[in-house]
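If you want the building blocks of each chain, they are given just below.
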Amino acid sequence: MNIEAWNSELSDFLIGNNIVLGLYLVLGVFGNGLVLFIYLVRMSKNSDDRYFIPSLAGIDACACVVGSSYALALNLLPVRFPGDILCRALWYFSQTTTISGGTLLLVIAVHRYLKVCRPFIGKWSLKVKRLVVLGTVAVAAVLSIPTIFFYGEIKVTSDRYSVENTSLVGYRCGNKGSAGALFGYNVFLFIYAVTGIVIITICYTFIGRSIYSKVMTYRKSLRRVNVVPRPELSVSTVSDIRRSKNLENCATNDKNGDHGYQEQPIERTRVSSNFLKPPEKELPKHIKRRSHELVRANIPAMKNHFQHYKYSYMFMTITVVFVIAYLPRIVIMLLESIFVQTFWLKSDSAIVGLLFLYRLYILNHVVNPFIYGFFDVKFRHEVKYLIWRRKNKPVHPDSQTGH
């Protein structure tokens, strides 16, 4: 048995995992490349709400390329990894893109909070946004430096496969640093991730409260419009009715030669009572017209609510997906640093499941373009235009902004 056979046996049971990684790579590169092209070339560059989308898409595309390629190399070459430098470089860039994506989502959450809840504090200028994006990448690059020292090419041997009573020697990419140092680094990453998640949660909680208060205001206004009070007669109105009735009697008596008139309290009471209790369906026309006008004025505001806050909802969804996809990786890295020697000594099916969860974070970078397409109508129109190449491009004005 030679090294090739040993490598093939170890990689064969990961075929399903390789197929998933291949889909991650293709869909991630194509989807995020499409996002970059549309948002940078086809759309207006002056939109404050869309500014961070191309930056996030660029990070997502890099994460898909580096993360998927690195994972495929580990699966296909489990004991034939081609070099120590490549191993360190892939680990470093994979960690940098992942931390960059999470940190940028934290920055976006703070930006959304200031925009929705503190609009008068100050708007971020274009220069500030660029510095924030560069700072995010710089922070991730610094935090990923320890991986250069913790990971590298490791020599592995097998007593099961030997040539002339000599154990086979292979090389894989993995942890080669101090177990205690690696554990401390992973604990730091775990605290960093949890702190970011807490801050993001607080920001979006305040955003949600602000949006909810506006929704309740709209609903209360609609309820006030729909509940129209019954018109009650004032004292002056009753006096007018009396006067008109007495004048009518006076005119009748005048025809008969009687130039005086007498009040008729019984008849007056009967008429006033009937007038004060009109049928509920017979509301005055001007009240009906005013009610309909107010309803028509408020309903569009309710309908445009989602459109107005679509970017806040979009980034909330992206953040939730990121947390769900990224936490398994952090937990497995923490457990791996605790049980260095025994963590991966499991059955083939268990290893396949663990590797799937470990690399689930790549899925977050893949699905973001689909989230953009769901929330951003103009983005969908542009995608349809590029696919069908219609002569008349569907128009969706950039003036429709969201928060």
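None of these values were measured; they are calculated from a predicted model. (Residues numbered from 1 in each chain as written. Predicted model: local features only at pLDDT ≥ 70, side-chain atom pairs only at ≥ 80, totals over all residues. Heavy atoms only, no water.)

J.: What should I look at first to understand the packing of aromatic side chains in this one?
T.: Each aromatic ring pair is summarised here by two numbers: the centre-to-centre distance and the angle between the ring planes. Considering all chains together, one arrives at 12 aromatic pairs under this definition. Between Tyr-39 and Tyr-372, the ring centres sit 6.2 Å apart and the planes meet at 75 degrees, which makes this aromatic pair edge-to-face. Of this pair, Tyr-39 sits in helix α2 (residues 15-42) while Tyr-372 sits in helix α14 (residues 361-375); the two residues are 333 residues apart in sequence, bridging distant segments of the chain. The exposure class of Tyr-39 is buried, given its relative accessible area of 3%. On the accessibility criterion, Tyr-372 (0% relative accessible area) is buried. Ring pairing ties together the aromatic residues Tyr-39, Tyr-372 and Phe-379, which thus form one cluster. Lying across the ring of Tyr-358, Arg-329 places its NZ or CZ 5.3 Å from the centre. One Lys or Arg, Arg-329, reaches over the ring of Tyr-361 and ends 4.3 Å from the middle of that ring. (Phe/Tyr/Trp six-rings, centres within 6.5 Å; stacked < 30°, edge-to-face > 60°. Helix = DSSP H or I, 4+ residues; strand = E, 2+ residues; numbered from the N terminus. Buried < 20%, exposed > 50% of the residue type's maximum accessible area, 1.4 Å probe, protein only. Lys NZ or Arg CZ within 6 Å of the ring centre and 35° of its normal.)

J.: I would appreciate a short explanation of the pattern of salt bridges in the present structure.
T.: Inspection of the entire model under this criterion finds 6 salt bridges. In this structure, Asp-84 and Lys-176 form a salt bridge, with 3.8 Å as the shortest nitrogen-oxygen distance. Taken together, the positions of Asp-84 in helix α4 (residues 84-117) and Lys-176 in the loop between β2 (166-175) and α7 (179-226) put the pair 92 residues apart, joining distant regions of the chain. The class for Asp-84 is partly exposed, based on a relative accessible area of 23%. A relative accessible area of 40% places Lys-176 in the partly exposed class. In this structure, Glu-382 and Lys-378 form a salt bridge, with 3.3 Å as the shortest nitrogen-oxygen distance. One end of the pair, Glu-382, and the other, Lys-378, are both in helix α15 (residues 377-388), 4 residues apart, so they sit about a helical turn from each other. Judged by relative accessible area, which is 1%, Glu-382 ranks as buried. Using a relative accessible area of 6% as the deciding quantity, one classes Lys-378 as buried. One connected set of salt bridges, linked through shared partners, spans Arg-42, Lys-378 and Glu-382. (Salt bridge = Lys/Arg side-chain N within 4 Å of Asp/Glu carboxyl O.)

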